[in-house]
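Here is how the chains run, residue by residue.
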Amino acid sequence: MIEEKVLLEEKAAKAGKERQDEFYTLSNIKVKRVYTPADVNINYDEDLGQPGEYPFTRGVYKTMYRGRLWTMRQFAGFGTAEDTNQRFKYLLAHGETGLSTAFDFPTLYGRDSDDPLSEGEVGKCGVAISSLLDMEILFDGIPLDKVSTSMTINGPAAIIWAFYLANAIKQGIDLKELRGTIQNDILKEYIAQKSWIFPPEPSMRLIIDTFEYGMKHVPKWNTISISGYHIREAGSTAVQELAFTLADGLAYVDAAIARGLDIDGFAPRLSFFFNAHNNFFEEIAKYRAARRIWAKEMKKRGAKDPRSMKLRFHTQTAGCTLTAQQPENNVVRTTIQALAAVLGGTQSLHTNSKDEALCLPTQDAVTTALRTQQIIAYESGVTDTVDPLAGSYYVEWLTNKMEEECYKYFKKIEEIGGVIAGIRQGFFQKEIAKAAYRYQREIEMQKRIVVGINAFRTPEDDQICIPVLKIDPEVERKQRERLKKLRETRDNAKVQETLQKLEDAARKDNVNLMPYIIDAALAYATLGEIRLTLEKVFGTYTQIEPF
């Protein structure tokens, strides 16, 4: 039993022994008892440098949080557009500084709320968005030119972004004033999250279309958030998250260069999205190593503008670490993870709510999550100086080790033919599955302790002891009625005309599809109708699992 183990550890400590024979990070990196200057081989100017200067290990801005705090961007989305609009306004009123939108499963797969395959899922894990009309309601009363908006959408990202841009156009807002991010990272979908629509090659075409359109018309918008978050949630290690995310990012860069785009034209608007997991120092080292690796790789590819070499990233605390048992403990986990993200130099942050292992977060729980960020920002003192852990023998050694292990994976990926070849061969999926299995076995064998799961349990742990949010079944009925009315009142001839033009453009290799998708959005073509139009040309993708 765990209580007996604690007593044995206490006896061992008194005898001058260590609690266990060896210690490892979550990436299975062996950790020594103590680190000294002999463990750290660093050329300060080449490996660290000053904050805001190449290679940006110490941060992408000179003053970091002394100049401006990170954006506090709580992920929100549930039910109807009206429901989420109210949550957005609540969060903005309570100190949130940027919006982050979660979409329901039908929307993530490019399906309308009245699609037969959407039944039972409408509004359950995010907001249902099927048309420009829904997007107009979602952001009603919210000034699009004053608020930064992030949207977690991948397969149909170009379409959802078109709805957002069309909404701004209808309001008379200059697209050059819009700020925000579309996740738009399809490679990690094939690797980890599985919400793809089209095959990899046409999906890459759509992503480069958004790069090109954003460069010309929406220059303040981040047209991709290259996401390691979902790779980590699928069970990867920190090293795998780092390596696979950066490999995906470099694949997008190479594809854009192959299109003929100037690297310094699109690269400053690329952003990243990382997980903040439980191993405090490993996470900090991961972020620092990520900045250094990205800067080096972008310089190799010909980037001249320092902004092209800056890895800017959003962080979300690890949903996979949250427990349904003893949910109050999740506040502590989230605080540790958020602190790691801040010490690692994040540009924006979402802190998970304590109830997310049970339901979509309640208003009270999301307020506590936001207050966690505010306490770190205003009360902890960690924002007073830039990169305060720099110079720690352990942190610098671990940063170097993360970089070293990342490049080992880069070499393997290159040997198998690149990221898309690796996806088709199942390389990434196998690596993540092996890591997830090892971690689960460590928990089952009590080699890793998860409080409330395999240790320190109470008789009440299997009972739900906090309020949970439930989605009203009426949400789906209302969404279906809204779509029915939209199809009856819009100019259907105009809809068909824009969809036909989109299909014709999709059949040509050298045509950017964003203007055609926006035209269809402005005509109130639905998400599903636009997706089906592209499917006629691109087809769909079925992955054969390599197990």
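Residues numbered from 1 in each chain as written. Predicted model: local features only at pLDDT ≥ 70, side-chain atom pairs only at ≥ 80, totals over all residues. Heavy atoms only, no water.

**Regarding the overall build of the protein**
For the protein, the count of helices and strands is 22 helices and 12 strands. Expected size for 547 residues packed as a compact globule is a radius of gyration near 24 Å; at 24 Å, the protein falls within 12% of this value. Its C-alpha atoms give the protein principal-axis dimensions of roughly 85 × 55 × 50 Å. The buried share of the protein, taken over its 547 residues, is 58%. Restricting to contacts in the protein with at least 6 residues of sequence separation, those with at least 24 account for 79%. With an accessible surface of roughly 22900 Å², the protein has 52% of that area assigned to carbon and sulfur atoms. Here the protein contributes 71 positively and 75 negatively charged side chains, and the mean placements of these two sets differ by 3 Å. (Helix = DSSP H or I, 4+ residues; strand = E, 2+ residues; numbered from the N terminus. Rg over C-alpha atoms; globule rule 2.2 N^0.38 Å. Buried < 20%, exposed > 50% of the residue type's maximum accessible area, 1.4 Å probe, protein only. Contact = heavy atoms within 4.5 Å. Areas by Shrake-Rupley, 256 points an atom, 1.4 Å probe, with all protein chains shown as cover. Lys, Arg positive; Asp, Glu negative; His and termini not counted. Charge placed at Lys NZ, Arg CZ, Asp CG, Glu CD.)

**Regarding the nonpolar core**
The biggest cluster of nonpolar side chains holds 79 residues, and the ones touching the most others in it are Phe 211, Phe 244, Leu 246, Tyr 252, Phe 266, Trp 294 and Met 298. Among the elements that line this core, the one with the most residues is helix α10 (residues 238-259), at 12 residues. Of all hydrophobic cores here, the second largest spans 62 residues; its members include Ala 76, Leu 165, Val 511 and Ala 520. (Core = buried A, V, L, I, M, F, W, Y, C linked by side-chain atoms within 4.5 Å.)

**A few points about the packing of helix α20 (residues 492-506) against helix α22 (residues 527-538)**
Following both chains from N to C, one finds α20 and α22 inclined at 30°, their axes separated by 9 Å at the closest point. Considered as vectors, α20 and α22 are oriented roughly parallel to each other. The chirality of how α20 crosses α22 is right-handed. Across the interface between the two elements, Val 495, Leu 499, Leu 502, Glu 503 and Ala 506 of α20 pack against Glu 529, Ile 530, Thr 533, Leu 534, Lys 536, Val 537 and Phe 538 of α22. (Axes fitted to C-alpha atoms, helices over the stretch in contact; angles between N-to-C directions. Parallel < 35°, antiparallel > 145°, perpendicular 65-115°, else oblique. Left-handed = near helix turned anticlockwise from the far one by under 90°.)

**Focus: the sheet that holds strand β10 (residues 270-276)**
The 5 strands are arranged β3-β12-β11-β10-β9 in an open sheet whose pairing can be described as parallel. Pairing within the sheet leaves two strands with one partner each, and these edge strands are β3 (71-72) and β9 (224-227). Strand direction decides the pairing type here: strand β11 (residues 313-317) and strand β12 (residues 348-350), joined by 3 bridges, are parallel. Residue pairing across strands places Thr 315 opposite Leu 349, the latter belonging to β12. (Pairing = 2+ DSSP bridges.)

**Some thoughts on unusual backbone geometry**
Note the cis peptide between Tyr 54 and Pro 55, where omega equals 10°. Assignment of secondary structure puts Pro 55 in the loop between α2 (44-48) and β3. The phi dihedral of Asp 387 is positive, around 50°, even though this residue is not glycine. Position of Asp 387 relative to the elements: it lies in the loop between α15 (363-379) and α16 (393-415). One non-glycine residue with positive phi stands out, namely Gln 446, at about 60°. Note that Gln 446 resides in the loop between α18 (427-444) and α19 (474-489).

**Quick word on the pairing of strand β6 (residues 148-151)**
Burial along β6 is two-sided: Ser 148 and Ser 150 and Thr 149 and Met 151, pointing in opposite directions, are all buried. One ladder, built from 3 bridges, connects strand β5 (residues 99-101) with β6; its direction is parallel. Within β6, the position partnered with Leu 99 by the bridge is Thr 149. In this structure, β6 lies alongside strand β7 (residues 179-182), joined through 4 bridges in parallel fashion. Considered in β7, the bridge of Met 151 is made with Ile 182. Each parallel crossover has a hand, and the one from β6 via helix α6 (residues 157-170) to β7 is right-handed. (Right-handed = clockwise from strand over helix to strand, strands pointing away.)

**Details of the pattern of salt bridges**
Where side chains of opposite charge bring their charged atoms close, a pairing between them can arise. For the coordinates displayed, the defined rule picks out 46 salt bridges. Between Asp 115 and Arg 111 there is a salt bridge, with its nearest N and O atoms 3.0 Å apart. Here Asp 115 falls in the buried class, since its relative accessible area comes to 15%. Each member of the salt-bridge network shares a partner with another, and the members are Asp 112, Asp 114, Arg 487, Arg 490 and Glu 529. (Salt bridge = Lys/Arg side-chain N within 4 Å of Asp/Glu carboxyl O.)

**So, the packing of aromatic side chains**
Taken as a whole and assessed by the stated rule, the structure comprises 29 aromatic pairs. Ring plane angle 40° and centroid distance 4.8 Å describe the contact between Tyr 35 and Trp 397, whose orientation is recorded as tilted. A residue pair is termed long-range when its members are at least 10 positions apart, and Tyr 35 in the loop between β2 (30-31) and α2 and Trp 397 in helix α16 qualify at 362 residues. You'll find Tyr 35 and Trp 397 in the same group, each marked buried. (Phe/Tyr/Trp six-rings, centres within 6.5 Å; stacked < 30°, edge-to-face > 60°.)

**Focus: the environment of Lys 408**
In this fold, Lys 408 is placed in helix α16. On the basis of relative accessible area, Lys 408 is assigned to the partly exposed category, the value being 43%. Note: C-alpha distance between Lys 408 and Ala 295 (113 residues apart in sequence) is 18 Å. A distance of 3.1 Å separates polar atoms of two side chains, one belonging to Lys 408 and the other to Glu 405. (Polar contact = N/O pair within 3.5 Å; in protein donor to acceptor, adjacent residues only side chain to side chain.)

**Examining the sheet that holds β6**
Here 5 strands make up an open sheet; going across it, the order is β4-β5-β6-β7-β8 and the pairing parallel. What marks the edges here is a single partner per strand, and that holds for β4 (75-76) and β8 (221-222). With 2 bridges connecting them, β4 and β5 associate as parallel partners. Paired with Phe 75 across the two strands is Ser 100, which belongs to β5. Across the sheet, α6 touches β6, β7 and β8, and the angle it forms with β6 is around 155°.

**Here's the deal with the environment of Ala 289**
With respect to the secondary-structure elements, Ala 289 resides in helix α12 (residues 280-300). Relative accessible area serves as the criterion here: at 0%, Ala 289 is assigned to the buried category. Taking the C-alpha atoms as reference points, Ala 289 and Gly 98, 191 residues apart in sequence, are found 26 Å from one another. Beyond its immediate chain neighbours, meaning those up to four positions away, Ala 289 contacts Leu 242, Thr 399, Met 402 and Glu 403.

**Let's talk about the packing of α6 against helix α8 (residues 200-217)**
Relative orientation of the contacting elements α6 and α8 amounts to 25°, with a least axis distance of 11 Å. By the angle between their directions, the pair α6 and α8 is classed as roughly parallel. Crossing geometry of α6 relative to α8 is assigned as left-handed. Touching Ala 158, Trp 161 and Leu 165 of α6 are Thr 210, Tyr 213 and Gly 214, all from α8. Partitioning the contact of α6 with α8 into residue classes produces 4 nonpolar, 2 polar and no charged. (Nonpolar A, V, L, I, M, F, W, Y, C, P; charged D, E, K, R; others polar.)

It is worth stressing that arrangement in space is one thing and function is another; only the former is reported here.
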